[in-house]
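Read off the chains here:
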4 protein chains.
Amino acid sequence: MSPRTEEQYEEIRHEKRVLIMNTALELFAMHGYENTTISQIAKKAGISKGLLYNYFESKEYLLEAILNKGMDEVLEIFDPNKDGVLETYEMEFFINEIFKTVEKNRVFWRLYMAISLQPSVFKLVEKRIEELYEPMMQLMLGYFKNAGSANPFMDAIIFNSLLDGITLDYILKPDIFPIEDIKKELIHRFCIHKKTVS
Amino acid sequence: MSPRTEEQYEEIRHEKRVLIMNTALELFAMHGYENTTISQIAKKAGISKGLLYNYFESKEYLLEAILNKGMDEVLEIFDPNKDGVLETYEMEFFINEIFKTVEKNRVFWRLYMAISLQPSVFKLVEKRIEELYEPMMQLMLGYFKNAGSANPFMDAIIFNSLLDGITLDYILKPDIFPIEDIKKELIHRFCIHKKTVS
Amino acid sequence: MSPRTEEQYEEIRHEKRVLIMNTALELFAMHGYENTTISQIAKKAGISKGLLYNYFESKEYLLEAILNKGMDEVLEIFDPNKDGVLETYEMEFFINEIFKTVEKNRVFWRLYMAISLQPSVFKLVEKRIEELYEPMMQLMLGYFKNAGSANPFMDAIIFNSLLDGITLDYILKPDIFPIEDIKKELIHRFCIHKKTVS
Amino acid sequence: MSPRTEEQYEEIRHEKRVLIMNTALELFAMHGYENTTISQIAKKAGISKGLLYNYFESKEYLLEAILNKGMDEVLEIFDPNKDGVLETYEMEFFINEIFKTVEKNRVFWRLYMAISLQPSVFKLVEKRIEELYEPMMQLMLGYFKNAGSANPFMDAIIFNSLLDGITLDYILKPDIFPIEDIKKELIHRFCIHKKTVS
DNA sequence: GATGAATGAGCTTTCATTCAT
DNA sequence: TATGAATGAAAGCTCATTCAT
């Protein structure tokens, strides 16, 4: 056996980081950030407390890393059309993407929302939230303008709130919330084919 | 000097209870339940820690009392139509009531939502939530049926999610969220006046 | 109704003192001195905490008063023969008296023994204990000498320990400890009629 | 540096546990369970409060561990003759063993008796007490029967009470109680040598 | 890199005692 | 005399973080 290469070590480090972050995310989302102890995370991840501090400077930095990673993943959706306008025919794809993200990262969203509701921790996500909401609003604004809305600003805000509400309700009751039906309904209601804005 | 009468004691007790609950609600909502210490509450309320425990058995019971009181106030909205159906012409009144409640109890809703997102504390509100959502859904279901909706169940869920999303966004950014405009828009969109029901 | 006389007030004060002391004794003996709160005592006695402090300067003084009163009652047994010698024919009477006291003041003895075992509170009873044991030992010593014992000192100590052990066991399991039979047995064993020391 | 081996940790843990238990036993016995604070124990043991909780879940569990360990040690005396009968010639050995235990574990016995006298804490030792008294009584019963006693049950109870009383008096005044002489006297009185059994 | 024993600041909670009425 | 609201010191306990190995 030859000693591990620099890259292998790097790989191991990266995998452990991900392990810790995923473990912590689950616990944070389930019991809340304050109710989760470093011991619990270390135990569930199968490592020692000391090692955890080898990867993350503090509990708060760990949380920050988790939130940033989650936000990065979410923000990728907006990349394709980053500086463009959402054409009406793209709306269906967009809604699908959003729902896919929400369903895939349910646990992250729960944590994210809980944190958002806590002003004293909110600073950790405040900046990233702007990165999310600003392009989102621009996209929607452009879309509704394009679709000939009488009040595109109002339409955008309401659509945005509706998505937030759906996400919230889905997170709170994932087992009984009919997320697939809701998605279809949204597509049906908001994806205007051709020029027939009702 | 003779001791205070029972009524005087009752008065004192009631006022202090309210003072403590209001103070705690604000702090809980602002910094989160776990991040708020009994010391902070006592200090802000201008009383000693010991006295607080004279009124509430524990920090958790204090939270429970706050949540229950808030839920009681919110549930009063449903009283007028408790076992009836929401007639189409009543929808405007109903939306107005909901928005009034949300605006008036902004702080409570923030706490309430934060708690709901934390499964381990969720048990405190679980039962009360059912008291809120069940009649709400029935009311909406009846309303949309009455209004001739093709899919009243879907309409009810979406309307409900929309309200949740609006509440959430308003709570997170009360200063910039155009709550009044949104309310008008909702009334405009969802209040079907008798003659126009097809 | 004429105002109460000075004596009547004094009478009321005395009765209330006794009420508080008896209530406290029971609680102290049942749950221990440290585990009993002033609130509990006041509540069980049907008075306010403030009033209790009107009668007793502190919790410790209350305990002291209880212990002293109990000791006084116990010490009365020794009065009849205080400076005399226990004649052999008086032993039966004496044992009867001791058992009567133990049975009557079971609760007091429990407290008294518990306190004795706690050096830091022991100072409260230390002096009174000497008042009890010293004459007791003298009495026994005289008795066994009188009865022609080969080692009256040893006999006295052992007899004393036996009484202590009986008291302890009776206190710990009053329902199953055959106190009456034991008493008869003691009388049978230690009351030497005439000169037939076995 | 590589981390300590499992054995090293085990060693450390065991030694600390013993240190804490011995320190706590002494303080509990001296000042009483309720009057002893965790801080005092930690300080006297030369460790932090936090560490103590690393080893014992709570103050009560610490007490329980102490009582159980003490009882285990005491119960070992009964092992040799566990299911047998105490032959008359073994009585001397048995009395010697009992006195040895009492003298060696004086501090434990003080705590044990104090706890026994406090019904609300009694549950901690209730079960263990039965383990002690039941075989003790059986042994004594067998012994006195064997020795031709007219009332072996009474003899057993009285002998038991005598031992309890001696233990109590010795604990209360170890410096002046003539425990060695008493032991000899007991052996003299209760060890019936085969030939002299009438 | 990896361990978990060890720390200590800070939390919730209790309760003897005081005091305005 | 009598009340119970109010205090505050001190208790038990938790947990993020450190560090010797």
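Model, not experiment: these values are computed from the prediction. Per-chain numbering applies: the sequence of each chain, read as written, is numbered from 1 onward. Just so you know, chain letters begin at A and ligand numbers begin at 1, following the order they were written in. With the structure being a predicted model, the display of local features is reserved for residues of pLDDT at least 70 and the display and counting of side-chain atom pairs for 80 or more, all residues being used for whole-chain, interface and lining totals. Only hydrogens and water are set aside; all other atoms, that is, all heavy atoms of the structure, feed into the side-chain values.

*Asks:* A description of the overall build of chain A should follow, citing residues and the corresponding values.
*Replies:* Each helix and strand in chain A was counted, giving nine helices and zero strands. Tracing chain A from N to C terminus, the helices and strands come up as α-α-α-α-α-α-α-α-α. C-alpha extents for chain A along the principal axes are approximately 65 × 40 × 30 Å. Going through the 198 residues of chain A one by one, you find that 52% of them count as buried. Any two residues whose heavy atoms approach within 4.5 Å are treated as being in contact. At a minimum sequence separation of 6, the contacts of chain A that also span at least 24 residues come to 68%. Lys and Arg are tallied as positive, Asp and Glu as negative. Neither His nor the chain termini are counted. Taken as the charge centre is NZ of Lys, CZ of Arg, CG of Asp or CD of Glu, depending on the residue. Positive and negative side-chain charges of chain A, numbering 24 and 31 respectively, have mean locations separated by a distance of 5 Å. Only DSSP runs of H or I reaching four residues or more are called helices, and only runs of E reaching two or more are called strands; each is numbered from the N terminus. Each residue is assigned to one of three classes by its accessible area relative to the maximum for its type, calculated with a 1.4 Å probe on protein chains only: buried under 20%, partly exposed between the two thresholds, exposed over 50%.

*Asks:* Give a description of the relation of the copies chain D and chain C that names residues and reports values.
*Replies:* The pair of chain copies shares a relation made of a rotation about an axis and a shift along it. For the pair chain D and chain C, the superposition axis carries a translation of 0.1 Å, the fit reaches an RMSD of 0.4 Å, and the rotation angle comes to 179 degrees. Taken together, the rotation and translation relating the two chain copies correspond to the operation of a two-fold axis. Judged by C-alpha distance, G165(D) is the residue of chain D that lies nearest the rotation axis, at 1.8 Å. The overlap is high: 100% of the interface residues of chain D also sit at the interface in chain C, so the same surface is used on both sides. Least-squares superposition aligns the copies on the C-alpha atoms of those residues with pLDDT at or above 70 in both.

*Asks:* How would you summarise the relation of the copies chain A and chain B if you had to cite specific residues and measurements?
*Replies:* For the match of chain A to chain B, the screw axis carries a shift of 0.1 Å, the RMSD comes to 0.3 Å, and the turn is 180 degrees. Looking at chain A, 100% of its interface residues are interface residues in chain B too, so the copies touch through the same face.

*Asks:* Can you lay out the protein's contact with DNA strand F for me, pointing to particular residues and giving the numbers?
*Replies:* Proximity is defined per residue: any heavy atom of the residue falling within 4 Å of a molecule or strand makes that residue near it. With respect to spatial proximity, 40 residues lie near DNA strand F, and among them I38(A), R13(B), K16(B), Y55(B) and Y53(D) are the closest. Considering the 4 Å shell around the protein, atoms of DNA strand F inside it are sugar or phosphate in 63% of instances. In protein, a polar contact means a hydrogen-donor-capable atom and an acceptor-capable atom, both N or O and within 3.5 Å, with residues adjacent in sequence counting only if both atoms are side-chain atoms; elsewhere, any N or O pair within 3.5 Å suffices. The separation between a phosphate oxygen of DNA strand F and a polar main-chain atom of S48(B) is 2.9 Å. Note that a base nitrogen of DNA strand F is positioned 3.5 Å from one of the side-chain N or O atoms of N54(B).

*Asks:* Would you mind going over the domain arrangement of chain A in detail, with residue names and values included?
*Replies:* Residues and elements named next belong to chain A. Note that domain bounds follow an automatic or database assignment of domains. Split into domains, chain A comes out as domain 1 (1-56) and domain 2 (59-198). Computed over C-alpha atoms, the centres of domain 1 and domain 2 are 29 Å apart. Every contact between the two is made by 17 residues of domain 1 and, on the other side, 14 residues of domain 2. Both faces combined, the contact of domain 1 with domain 2 buries some 1400 Å², and carbon together with sulfur accounts for 77% of it. When residues of domain 1 are sorted by the area they lose upon contact with domain 2, M21, L25 and Y33 head the list and together hold 41% of the total. Think of a salt bridge as a Lys or Arg side-chain nitrogen and an Asp or Glu carboxyl oxygen that are within 4 Å of each other. The interface formed by domain 1 and domain 2 contains zero salt bridges. Where domain 1 meets domain 2, there are four residue pairs in polar contact (both at pLDDT 80 or more). Here the side of domain 1 that touches domain 2 takes ten residues from helix α1 (residues 6-31), the largest share from any one element. Lys, Arg, Asp and Glu make up the charged group, whereas Ala, Val, Leu, Ile, Met, Phe, Trp, Tyr, Cys and Pro make up the nonpolar group; the residues left over, Gly among them, are polar. Across the side of domain 1 that touches domain 2, the residue classes break down as twelve nonpolar, two polar and three charged. We define buried area as the total accessible area lost by two parts upon association, computed with a 1.4 Å probe and summed across both.

*Asks:* If you had to explain the interface of chain A and chain B to someone new, which residues and values would you point to?
*Replies:* Taken together, the contact pairs 38 residues of chain A with 40 residues of chain B. Summed over both sides, the interface of chain A with chain B buries roughly 3300 Å², with 65% coming from carbon and sulfur. On the chain A side of the contact with chain B, L117(A), M154(A) and I158(A) bury the most area, a combined 19% of that side's loss. Where chain A packs against chain B, one counts four salt bridges. Ionic pairing is found between E130(A) and K173(B), a salt bridge with its closest N-O pair at 2.8 Å. One can count ten residue pairs in polar contact (both at pLDDT 80 or more) joining chain A with chain B.

*Asks:* Explain the packing of aromatic side chains to me, and be specific about the residues and the numbers.
*Replies:* Between the rings of Phe, Tyr and Trp (Trp by its six-membered ring), a pair exists once the centres lie within 6.5 Å; its type follows the angle of the planes, with under 30 degrees stacked, over 60 edge-to-face, and the other angles tilted. The full count for this structure, using the stated rule, is 32 aromatic pairs over all chains. Aromatic side chains F144(B) and F159(B) sit 6.1 Å apart centroid to centroid with 70 degrees between the ring planes, which places their arrangement in the edge-to-face category. Linking F144(B) in helix α7 (residues 119-146) with F159(B) in helix α8 (residues 152-172), this pair joins segments that are 15 residues apart in sequence. Classification of F159(B) by relative accessible area gives buried; the value is 0%. Across the ring face of Y133(A), the terminal group of K173(B) is positioned such that the distance to the ring centre comes to 6.0 Å. Two conditions define a charge sitting above a ring: the NZ of Lys or the CZ of Arg must be within 6 Å of the ring centre, and it must be within 35 degrees of the ring normal. Above the ring of Y33(D), the side-chain terminus of K59(D) is found at 4.6 Å from the ring centroid.

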